[in-house]
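For reference, the chains in residue letters:
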Amino acid sequence: QVDLVESGGGLVQPGESLRVSCAASGSNSMLSNIYSMGWYRQAPGMSRELVARMMTGGNTYYANSVSGRFTISRDDAKNTVDLQMNSLKPEDTAVYYCNLDVVRPPRTYDFWGQGIQVTVAS
């Protein structure tokens with residue numbers, strides 16, 4: 001089992017920056033087999049969407065809507081993943097969820113944080 005705890009959300013004005021962080025804790029057998037860590041978001045009335053994801057080994061993926069503005073980073077020694085969000089827009093307003101995928105063949109495991117609110121408004 002893995003627990004994910006997010007921090008750092010809040011209310012900012014358009015154009016400002018915000019950093020959200022996620023710390024993973026749990027069984028070593030899970031944490032030593034992390035495939036990817038990332039961030040999703042869900043705005044009111046919308047489905048959850050992938051924002052950014054970093055594979056173990058360093059490959060990253062960004063949604064087109066955040067590419068060039070958001071940066072994902074991981075600290076594998078601490079099992080943390082951060083999302084630096086710059087030039088925020090009102091459409092970035094959403095609940096942001098930390099996600100962690102574990103691969104332990106033949107099974108995969110998918111863990112989620114509780115979500116943290118990010119609001120961009122003037």
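It should be noted that the structure appears before, not after, this text.
Residues numbered from 1 in each chain as written. Predicted model: local features only at pLDDT ≥ 70, side-chain atom pairs only at ≥ 80, totals over all residues. Heavy atoms only, no water.

1. With respect to the overall build of the protein
Working step 1: When helices and strands are tallied, the protein shows 1 helix and 11 strands.
Working step 2: Reading the helices (α) and strands (β) of the protein from amino to carboxyl end gives β-β-β-α-β-β-β-β-β-β-β-β.
Working step 3: By principal-axis analysis of the C-alpha atoms, the protein measures approximately 45 × 25 × 25 Å.
Working step 4: For the protein, with 122 residues in total, the buried portion stands at 43%.
Working step 5: A separation of at least 24 residues holds for 56% of the contacts in the protein among residues at least 6 apart in sequence.
Working step 6: Total accessible area on the protein is roughly 6,300 Å²; 48% of this is exposed by carbon and sulfur atoms.
Working step 7: One way to put it: in the protein the 10 positive side-chain charges average out to a point 4 Å from where the 11 negative ones average out. (Helix = DSSP H or I, 4+ residues; strand = E, 2+ residues; numbered from the N terminus. Buried < 20%, exposed > 50% of the residue type's maximum accessible area, 1.4 Å probe, protein only. Contact = heavy atoms within 4.5 Å. Areas by Shrake-Rupley, 256 points an atom, 1.4 Å probe, with all protein chains shown as cover. Lys, Arg positive; Asp, Glu negative; His and termini not counted. Charge placed at Lys NZ, Arg CZ, Asp CG, Glu CD.)

2. Observations concerning the side chain of Arg69
Working step 1: Counting through the fold element by element, Arg69 comes out in the loop between strand S6 (60-62) and strand S7 (70-75).
Working step 2: Here Ser65 takes part through its backbone oxygen, which lies 2.8 Å from a polar atom of the side chain of Arg69.
Working step 3: Sequence-distant contacts of Arg69, defined by excluding residues within four places in its chain, comprise Gln84, Met85, Asn86, Ser87, Leu88, Lys89 and Asp92. (Polar contact = N/O pair within 3.5 Å; in protein donor to acceptor, adjacent residues only side chain to side chain.)

3. Remarks on the pattern of salt bridges
Side-chain pairs of opposite charge can arise where the charged atoms are in close proximity.
Working step 1: On inspection of all chains with the given rule, the structure shows 6 salt bridges.
Working step 2: For the salt bridge of Glu49 with Arg41, the shortest nitrogen-to-oxygen distance reads 2.7 Å.
Working step 3: With a shortest N-O distance of 2.8 Å, Arg74 and Asp76 are connected by a salt bridge.
Working step 4: Its relative accessible area of 17% is what places Arg74 among the buried residues. (Salt bridge = Lys/Arg side-chain N within 4 Å of Asp/Glu carboxyl O.)

Function cannot be inferred from these measures alone, as they are strictly geometric.
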